[in-house]
Amino acid sequence: MSGVPDRSRTAAAEPAPRGLGATLVLALGTFAVGTDAFVVAGFLPAMADSLNVSEGAAGQSATVFAIAYAVLAPVLATAAARVPRRALLVAALVVLALANLGSALAPSYPVLMATRVLAAVGAAAFTPNAGAVASALVSPAQRARALAVVVGGLTVATALGVPLGNAAGRVLDWRVTLGLVAALCAVCAVGVRLVMPALSGAPHLALRRRLAALRRPGVVTVLPLSVLGLTASYGLYAYTVPVLRALGVGASAETWLLFLYGVGAVIGNLVAGAAGDRHGPVPVLAVGYVALAVTLGVFTWATASGAHWPVLAGALMLGWGMSTWFQTPLQQLRLINAAPEETAVVVGLNASALYAGIALGTALCGVLLPWGGAPAALGTCTALAVVCLVYLGATRHR
């Protein structure tokens with residue numbers, strides 16, 4: 001997100017590239033952010049029952065988080081532009097810890113929703129800034145891999161945080177689980193403070209000037225794909241447990257299937273980063289969207305036909321994770337290539353686009369699931385994946 005120094009200013013603070021190792025501490029922070037954002041999917045039914053709301057309503061807590069993130073990202077970037085990067089990232093994780101503690105103690109659904117908005121404040125201040133700083137700390141030839149390392153924190157959170165949240169939600173309680181997430185965010189804040197190099201803030205830049213990057217053809221044609229891609233791939237994730245139950249998956253198998261999704265996410269992200277540096281982002285994106293459409297299409301058939309095959313469920317969860325999380329580093333790389341002197345701005349705009357897609361997808365699937373069940377939601381997401389592929393082909397030269 002914007003709010004990170006642009007590349008010229010960052011280069012002044014860090015005259016020599018540090019290599020990929022310097023980005024690992026940022027991945028630690030995105031792991032905490034990702035655990036916060038994704039862990040709810042692991043215990044959604046229990047949370048809905050505790051707060052006396054439907055699973056669809058409980059899932060809208062993810063929609064509120066995503067909308068708040070998308071709106072707040074550029075605003076926070078402008079307001080916190082001059083804050084030194086390390087202090088900003090640590091403060092963002094502290095806010096996230098407090099928000100999760102508030103969610104854990106929420107006595108009612110409205111209070112829970114308010115704490116999810118506060119969590120979005122912390123996430124919107126951390127993740128985009130971490131991506132822009134990572135890009136500034138390495139040589140241009142390593143940018144896609146550096147971005148993949150930072151996004152890797154999010155994917156590892158899906159591999160570990162969500163399954164552990166699902167298991168903890170059944171063994172302990174969803175409130176205790178969110179309390180543990182709050183503690184994780186606090187620990188990560190300490191880690192970032194101790195390890196990350198100091199970087200100065202950027203000169204103040206008005207919100208209008210930050211949004212001026214949208215006038216660049218190479219930026220304005222890339223961002224809609226980020227929205228479409230996350231709508232298609234991630235919108236249904238908050239409802240993973242109900243979807244798995246439509247496949248005949250019992251509660252005892254949920255944890256390992258969620259883990260397989262996370263493993264796929266880690267693999268897809270890392271492979272995309274390496275392949276993007278070698279082959280360029282557009283060919284890799286094309287392969288990924290084909291894989292996403294095929295995976296979701298088979299998922300649709302399986303839920304509609306009543307095919308209750310554990311091996312198929314595992315393969316689909318692995319493929320879903322891979323074909324969701326390959327997108328982010330490649331889209332960021334396309335935007336940085338389109339506006340290399342405005343790295344912080346375009347990474348921030350992409351973060352807003354991603355969460356706008358998550359909000360749209362979560363809201364859409366929250367409506368489709370009660371209406372037509374898992375096949376309707378999955379079929380719609382499959383169609384959107386095909387739209388992504390068509391859009392990529394139509395705009396690849398821009």
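Definitions and cut-offs
- Residues numbered from 1 in each chain as written.
- Predicted model: local features only at pLDDT ≥ 70, side-chain atom pairs only at ≥ 80, totals over all residues.
- Heavy atoms only, no water.
- UniProt positions renumbered as here; feature names shortened; annotations may be inferred.
- Helix = DSSP H or I, 4+ residues; strand = E, 2+ residues; numbered from the N terminus.
- Expected span 1.5 Å × (residues − 1).
- Buried < 20%, exposed > 50% of the residue type's maximum accessible area, 1.4 Å probe, protein only.
- Phe/Tyr/Trp six-rings, centres within 6.5 Å; stacked < 30°, edge-to-face > 60°.
- Core = buried A, V, L, I, M, F, W, Y, C linked by side-chain atoms within 4.5 Å.
- Domains from an automatic or database assignment.
- Contact = heavy atoms within 4.5 Å.
- Axes fitted to C-alpha atoms, helices over the stretch in contact; angles between N-to-C directions.
- Parallel < 35°, antiparallel > 145°, perpendicular 65-115°, else oblique.
- Left-handed = near helix turned anticlockwise from the far one by under 90°.
- Salt bridge = Lys/Arg side-chain N within 4 Å of Asp/Glu carboxyl O.
- pLDDT = per-residue confidence, 0-100.
- Buried area = accessible area lost by both parts, 1.4 Å probe.
- Polar contact = N/O pair within 3.5 Å; in protein donor to acceptor, adjacent residues only side chain to side chain.

- The protein chain appears in an unreviewed UniProt entry as MFS transporter from Wenjunlia vitaminophila.
- Note on the protein chain: under the UniProt heading Subcellular location (unreviewed entry), the record states "Cell membrane".

1. Topic: helix α11 (residues 223–234)
Next, step 1: Under the 1.5 Å per step criterion, the end-to-end length of α11 is 16 Å for twelve residues, consistent within 8% with the ideal 16 Å.
Next, step 2: Taking burial as the measure, the twelve residues of α11 include nine buried ones, the bulk of the element.
Next, step 3: What α11 keeps buried is the set Leu223, Leu225, Ser226, Gly229, Leu230, Thr231, Ala232, Ser233 and Tyr234.

2. Examining the environment of Gly297
Next, step 1: Looking at the element boundaries, Gly297 is found in helix α14 (residues 281–305).
Next, step 2: Here Gly297 falls in the partly exposed class, since its relative accessible area comes to 27%.
Next, step 3: Each C-alpha atom of the pair Gly297 and Thr380 lies 9.5 Å from the other, and the pair is 83 residues apart in sequence.

3. Some remarks on the packing of aromatic side chains
Next, step 1: For the coordinates displayed, the defined rule picks out eleven aromatic pairs.
Next, step 2: When the centroid spacing of 5.9 Å and the interplanar angle of 55° are considered together, the rings of Phe65 and Tyr355 count as tilted. On the criterion of sequence distance, the pair formed by Phe65 in helix α4 (residues 55–79) and Tyr355 in helix α17 (residues 343–395) is long-range, its members being 290 residues apart.
Next, step 3: Overall, the relative accessible area of 5% leaves Phe65 in the buried class.
Next, step 4: Where Phe299 meets Trp320, the ring centres are 5.7 Å apart and the plane angle is 80°; that geometry is what we call edge-to-face. Separated by 21 residues along the polypeptide, Phe299 in helix α14 and Trp320 in helix α15 (residues 310–325) bring together distant segments of the chain. For the pair Phe299 and Trp320, one class covers both residues: buried.

4. As for the nonpolar core
Next, step 1: One finds Leu26, Met47, Tyr69 and Leu236 to be the most contacted residues of the largest nonpolar core, which totals 112 residues.
Next, step 2: Built from parts of two domains, this core gets at least three residues from each of domain 1 (16–204) and domain 2 (209–397).
Next, step 3: In this structure Leu26 touches Leu89, Phe126, Ala130, Val133, Ala134, Val150 and Met196, once residues within four positions along its chain are discounted.
Next, step 4: The next biggest cluster of nonpolar side chains, apart from the first, holds 13 residues, and it includes Leu147, Leu335, Ile336 and Val346.

5. Re the packing of helix α2 (residues 24–38) against helix α6 (residues 109–137)
Next, step 1: Between α2 and α6, the shortest axis-to-axis distance is 10 Å and the interhelical angle comes to 150°. By the angle class used here, α2 and α6 are roughly antiparallel. Judged by the twist between their axes, the crossing of α2 over α6 is left-handed. Residues Leu26, Gly29, Thr30, Val33 and Asp36 of α2 form the contact with α6, whose participating residues are Arg116, Ala119, Ala123, Phe126, Thr127, Ala130, Val133 and Ala134.

6. Some thoughts on the pattern of salt bridges
As a working rule, side chains carrying opposite charge can pair if their charged atoms are close by.
Next, step 1: Summed over the entire model, instances satisfying the criterion amount to two salt bridges.
Next, step 2: Between Asp36 and Arg116 there is a salt bridge, with its nearest N and O atoms 3.2 Å apart. Residue Asp36 is located in helix α2, and its partner Arg116 is located in helix α6; the two are separated by 80 residues in the primary sequence. The exposure classification of Asp36 matches that of Arg116, with both residues buried.
Next, step 3: With a closest N to O distance of 3.1 Å, Glu254 and Arg245 form a salt bridge.

7. Some details on the confidence of the model for the protein chain
Next, step 1: Averaged over the protein chain, the pLDDT score is 83; the fraction of residues at 70 or greater is 91%.
Next, step 2: Mean pLDDT across the elements of the protein chain ranges from a minimum in helix α1 (residues 7–13), with 38, to a maximum in α14, with 95.
Next, step 3: Below a pLDDT of 50 lies the segment residues 1–16, which in the model reaches 55 contacts outside its immediate sequence neighbourhood of four places, other chains included.

8. Looking at the domain arrangement of the protein chain
Next, step 1: For the protein chain, the assigned domains are domain 1 (16–204) and domain 2 (209–397).
Next, step 2: Inter-centroid distance (C-alpha atoms) of domain 1 to domain 2 is 19 Å.
Next, step 3: With both chains or domains summed, domain 1 and domain 2 bury close to 3,500 Å², and 68% of this area falls on carbon and sulfur atoms.
Next, step 4: Run the count over domain 1 and domain 2 and you get zero salt bridges.
Next, step 5: Viewed at the interface, domain 2 and domain 1 are joined by two residue pairs in polar contact (both at pLDDT 80 or more).
Next, step 6: Only α2, α3 (44–50), α4, α6 and α7 (143–171) provide two or more residues apiece to the side of domain 1 that touches domain 2.

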